[in-house]
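Here's the letter readout for the chains.
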Amino acid sequence: VVLTGAMSWQGLALSVLPFCLVNNLLLLNQFPDVEADQSVGRRTLPVLLGRLGSVPVLGLQYGVAFGAVLLGLALGWWPAATGLAVLGLPLAVSAWQRAQAHADDLPGLQPAMALNVAVNLITPVLAALGFLFSQSIATGGWLASLAEFLGPRAEAMASAISSSAWPADCAT
């Protein structure tokens, strides 16, 4: 909305990815605080449902996040390289499984929390890099500018990437 001045389904669907991932970051980080939150009357999801009862919400939000990426790709809303975001899915599944196995074992929950942070950092970056790479190839955008800045060898490499053929002068 800010950049284009209009609302689109494509933009909304893409925003679901970081929205759900950040919700999961906040949710899982509340697990260690259940007793402290209860003592001061906070009504967080882990307080209301219990730690183990909150784990399905974690899984649901991961499913919605990655499902939105797959939906956007299936509908052709984004370039195929945006699908790089799906490489974060195995980390998300591992985080969810570990959270399920160690919901009430706080030391055992630490790896799930670390994986959750990794999912939050890696997945949107992969989606953005895939999108930017696709746009660069399609328009000659920032990749062409970088090639111009780096000189003839980089220009030949950028040309090879965009044409999917490796030029002979880069082989030396």
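Scroll up to find the structure this text is about.
Residues numbered from 1 in each chain as written. Predicted model: local features only at pLDDT ≥ 70, side-chain atom pairs only at ≥ 80, totals over all residues. Heavy atoms only, no water.

1. Observations concerning the overall build of the chain
As a reminder, the rule being used: Secondary structure follows DSSP: runs of H or I at least 4 residues long count as helices, runs of E at least 2 residues long count as strands, and numbering of each begins at the N terminus. Accessible area is worked out with a 1.4 Å probe on protein chains only. A residue is then buried under 20% of its type maximum, exposed over 50%, and partly exposed in between. Contacts: residue pairs with any heavy atoms within 4.5 Å of one another. For accessible areas, the Shrake-Rupley method is used with a probe of radius 1.4 Å. Any residue's cover is judged against the shown protein chains and nothing else.
Within the chain, the secondary structure is distributed over eight helices and zero strands. Going from the N terminus to the C terminus, the chain shows its helices and strands as α-α-α-α-α-α-α-α. Counting over 172 residues, the chain shows a buried share of 33%. Excluding contacts between residues fewer than 6 apart, the proportion of contacts in the chain whose partners are at least 24 apart in sequence is 59%. Summing over all exposed atoms, the chain offers an accessible surface of approximately 9,800 Å²; the carbon and sulfur share of this is 69%.

2. Some points on helix 4 (residues 51-74)
Inclusion rule: Expected helix span is given by 1.5 Å per residue-to-residue step, counting one fewer step than there are residues.
Over its 24 residues, helix 4 runs 35 Å from end to end, which matches the ideal 34 Å to within 8%, given 1.5 Å per residue. Regarding helix 4, the residues found buried are R51, S54, V55, L58, Q61, Y62, A65, F66, A68, V69 and G72.

3. Looking at the pattern of salt bridges
Here is the rule we go by: Within this document, salt bridges are pairs made up of a side-chain nitrogen of Lys or Arg and a carboxyl oxygen of Asp or Glu, the two lying within 4 Å of each other.
Scanning all chains against the criterion turns up three salt bridges. For the salt bridge of R51 with D104, the shortest nitrogen-to-oxygen distance reads 3.6 Å. Pair noted here: R51 is in helix 4 and D104 is in the loop between helix 5 (89-102) and helix 6 (106-139), with a separation of 53 residues, a long-range link. Exposure remark for R51: the relative accessible area of 9% places this residue in the buried category. On the basis of relative accessible area, D104 is assigned to the exposed category, the value being 57%. Several salt bridges share partner residues, and in doing so they unite E35, R51 and D104 into one network.

4. With respect to the packing of aromatic side chains
Put simply, the test is: Aromatic pairs are defined between Phe, Tyr and Trp rings, using the six-membered ring for Trp, whenever the two ring centres lie within 6.5 Å; interplanar angles under 30 degrees are classed as stacked, those over 60 as edge-to-face, and all others as tilted.
As enumerated under the stated definition, the model contains one aromatic pair in all. Between W77 and W78 the ring centres are 6.3 Å apart and the planes differ by 70°, which places this aromatic pair in the edge-to-face class. A residue is classified by how much of its surface remains accessible, and W78, at 7% relative accessible area, is buried.

5. Here's the deal with the nonpolar core
In plain terms, the rule: By nonpolar core is meant a set of buried Ala, Val, Leu, Ile, Met, Phe, Trp, Tyr and Cys residues that side-chain atoms within 4.5 Å join together.
In terms of nonpolar packing, the biggest core is built from 23 residues, with L17, L21, L28, F31, Y62, A99 and L109 touching the most fellow members. Not counting the four nearest positions on each side in its chain, L21 is found in contact with Y62, A65, F66, V119, N120, T123 and P124.

6. A word on the side chain of R51
In plain terms, the rule: Residues adjacent in sequence count toward polar contacts only when both atoms are side-chain atoms; beyond that, a polar contact is any pair of N or O atoms within 3.5 Å, and within protein one must be able to donate a hydrogen and the other to accept it.
A polar contact of 2.7 Å, which involves the side chain of R51, links it to the side chain of E35. Sequence-distant contacts of R51, defined by excluding residues within four places in its chain, comprise F31, P32, V34, E35, P46, A103, D104 and L106.

7. A word on the environment of V69
In this structure, V69 sits in helix 4. On the basis of relative accessible area, V69 is assigned to the buried category, the value being 1%. Here the alpha-carbon distance between V69 and A127, two residues 58 residues apart in the chain, equals 8.7 Å. Apart from the residues lying within four places of it in its own chain, the contact partners of V69 are L17, W78, T82, A85 and V86.

8. Notes on the packing of helix 1 (residues 9-29) against helix 4
What counts, and what does not: With axes taken as lines fitted to C-alpha atoms, and helix axes fitted only over the stretch in contact, angles between N-to-C directions fall between 0 and 180 degrees. We call two directions roughly parallel when the angle between them is under 35 degrees, roughly antiparallel when it is over 145, roughly perpendicular when it lies between 65 and 115, and oblique otherwise. In this scheme, a crossing is called left-handed if the near helix is turned counterclockwise away from the far one by less than a right angle; it is called right-handed if the turn is clockwise.
Two numbers describe how helix 1 lies on helix 4: the axes approach to 8 Å, and their chain directions differ by 160°. Between helix 1 and helix 4, the crossing angle belongs to the class labelled roughly antiparallel. In terms of crossing hand, the pair formed by helix 1 and helix 4 is left-handed. Contacts between helix 1 and helix 4 involve A13, V16, L17, C20, L21, N23, N24, L27 and L28 from the first element and S54, V57, L58, Q61, Y62, V64, A65, F66, A68 and V69 from the second.

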